[in-house]
Amino acid sequence: MLWSLRARLIVSFALVVALAVFLAGAGALFLLRDQEEESARERYGRYAEPVNREVDLRLRAGDTLSSLRQVLRDNADQLEARMLLLDKDLQVVFDTESSLQGEYVLAFENPSLQLVESGGSRYKWTTFHDAGPGLTLFAPPAEATDGPPPNFATPDYDVLIAIPDSELASAWLDLAPRLAIAGGIALAVSFIVSFFISRSISGPLARITQASVQMAQGDYDVYIPIRGQDEVGRLSEAFNGMAREVSRSQRAMKDLLANVSHELKTPLTSIQGFSQAMLEGAISREEEFRESSRIIYAEASRMRELVDDLLLLSQIETGQMQMQHAQVDLSALLDRTLERFQWAFREQGTSARLAVDRLPSVHGDERRLEQVFSNLIENALRHTPRGGVVTVSGVALRSNQVTVGVHNTGSFIPPDDLPRVFERFFQVDRARAGGSSGLGLAIVSEIVEAHGGNVRAISNATNGTEFIVTLPTTAPQEARNGRAAAPLDEAAARRASKKREAPA
């Protein structure tokens, strides 16, 4: 396109080069003006001696004044200069342009004139303004130096070379064509160079634009090659990171919709089926009616829990969940949490053990931490066979950290599934899920990481499965220089942002 970025860059580069060449040429002309004028004077001055010598030789050979005039005309045409022939009284007896014929030229009578010696040539020059436009006159030296007398020292005639002052003053204009040619070459080269430079700049931008259009059309698997670490390279790298994150988010959204649809399908089917039976009168007895109502209520509660869990996860990931900031007695929290499940343990025929030292306090939200360990104990209880044991243990570490493990016997998670147990809706054994939404461990991971800790799972067929939570005993710090502790919701927001920026 005419006004595309590449075209604008080429024109901009060319204009900059043209301006630079113009300024450089103008500066060169200004600086070389006097030098060019001096060179022009030297060019004409060095011919004064040879022309006078030729006239002297012809006079000695017996040439007439008429023949001398023709010789001067030929020299004037050859040198593109004006010739004046002066007699011994300094009167012009011949002027190749005739205007000074018969005039007296006394310019060289000035005793202050100096001899010019340059490049092996000797001459003198002066200006003449007695008649018409100013002239610069050039003549051979008046006196002879060491050695034999010069051949042109004739008492009868002298030849002067006359050049208009304006022509010498404008001698610098001879540089203009050469500077114009150099400027044109520089401009042409600048167009070629700017074409390649602009292509190196606009090429990646064009690829980014094309990739953006692909993403707008739903194709998120795009990648831009990164060439260099300049601004364009970093832009390409940032775009690739954004594309990966958008692609991952899109896949996660599709998976989420598929999982939510699957999880809601069963309770909705139950609710729809029993409510339809109640409306159509298929259920008439009070006991059946009560049982149907109980099932509808249970399925609706299950749907509500699923929605609440999804909202909680979203709030944690975006940093919108407001957490309390206090010192939490972890030993009392674990004892209280495990006590709430005693009835469930007895009903299932399993036992529970609490094996913790006197643990230091941790900084965080007590209600959310209780939710973490409740989810882990409930998950362990769900997967522990009758007669099994669930053990909650805690150990204080030297690095201002504390670990809490929830171990259960009788269950095994295959190694390939261990990295995925904290994904949403992932369930190793759906038959033993017991109505779980599959979001409990995902919530555990988000809350723990929001507190600056981490959670991991280990499992083997012999010893069973254990989830280990590691928490700091002090609040997350902005830095090590004693600055105030960062609020947990802000820490969660930063952690969520880092997740989004992390490469796939």
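Coordinates for the structure precede this section.
One structure accompanies this document, and this report is about it. (Residues numbered from 1 in each chain as written. Predicted model: local features only at pLDDT ≥ 70, side-chain atom pairs only at ≥ 80, totals over all residues. Heavy atoms only, no water.)

**Focus: the sheet that holds strand 13 (residues 464–472)**
The pairing of strands in a sheet happens through backbone hydrogen bonds and is either parallel or antiparallel. The strand order across the open sheet formed by 5 strands is 8-10-11-13-12, and the pairing between neighbours is mixed. For this open sheet the edge positions go to strand 8 (351–356) and strand 12 (454–460), each flanked by a neighbour on one side alone. Geometrically, the sheet is characterised by an average inter-axis angle of 15 degrees between neighbouring strands, direction not taken into account. Looking at chain direction, strand 10 (residues 389–396) and strand 11 (residues 401–408) are connected through 7 bridges and run antiparallel. What sits directly across from S393, in strand 11, is G405. Helix-sheet contacts for helix 10 (residues 366–382) involve strand 10, strand 11 and strand 13, and the interaxial angle to strand 13 is about 175 degrees. (Pairing = 2+ DSSP bridges. Helix = DSSP H or I, 4+ residues; strand = E, 2+ residues; numbered from the N terminus. Axes fitted to C-alpha atoms, helices over the stretch in contact; angles between N-to-C directions. Contact = heavy atoms within 4.5 Å.)

**Describing the environment of R340**
With respect to the helices and strands, the residue R340 is situated in helix 8 (residues 330–340). Sequence separation of R340 and S374 is 34 residues, and the distance between their C-alpha atoms is 8.9 Å. Residue contacts for R340: discarding those within four places in its chain leaves E370 and S374.

**Observations concerning the packing of helix 10 against helix 11 (residues 440–450)**
Close contact between helix 10 and helix 11 brings their axes to 9 Å; oriented N to C, the two are set at 145 degrees. When you trace helix 10 past helix 11, the crossing you get is left-handed. For the pair helix 10 and helix 11, the contacting residues are R368, Q371, V372, N375, L376 and N379 in the first and G440, L441, I443, V444, I447 and V448 in the second. For the contact of helix 10 with helix 11, the residue count by class is 7 nonpolar, 4 polar and 1 charged. (Left-handed = near helix turned anticlockwise from the far one by under 90°. Nonpolar A, V, L, I, M, F, W, Y, C, P; charged D, E, K, R; others polar.)

**Observations regarding unusual backbone geometry**
Phi is positive for E80, which is not a glycine, with a value near 55 degrees. Summarising the element assignment, E80 is placed in the loop between helix 3 (65–79) and strand 1 (82–87). Even without being glycine, L90 reaches a positive phi, approximately 65 degrees. On the secondary structure map, L90 appears in the loop between strand 1 and strand 2 (92–95).

**Observations concerning the packing of aromatic side chains**
Ring pairs (aromatic) are described by centroid distance and by the angle formed between their planes. In total, this model carries 1 aromatic pair according to the counting rule given. Between F422 and F467, the ring centres sit 5.9 Å apart and the planes meet at 85 degrees, which makes this aromatic pair edge-to-face. Note that F422 is positioned in the loop between strand 11 and helix 11 and F467 in strand 13, a separation of 45 residues in sequence. Residue class for F467 comes out buried when judged on its relative accessible area of 3%. (Phe/Tyr/Trp six-rings, centres within 6.5 Å; stacked < 30°, edge-to-face > 60°. Buried < 20%, exposed > 50% of the residue type's maximum accessible area, 1.4 Å probe, protein only.)

**Quick look at a nonpolar patch on the surface**
Nonpolar side chains collect at one region of the surface, where I181, I185, V189, V193 and I197 lie side by side and expose about 430 Å² of accessible area between them. Tracing the chain through its elements places V193 in helix 5 (residues 175–216). (Patch = residues over 30% accessible without salt bridge, like charges linked within 9 Å, V, L, I, M, F, W, Y side chains within 5 Å. Areas by Shrake-Rupley, 256 points an atom, 1.4 Å probe, with all protein chains shown as cover. Salt bridge = Lys/Arg side-chain N within 4 Å of Asp/Glu carboxyl O.)

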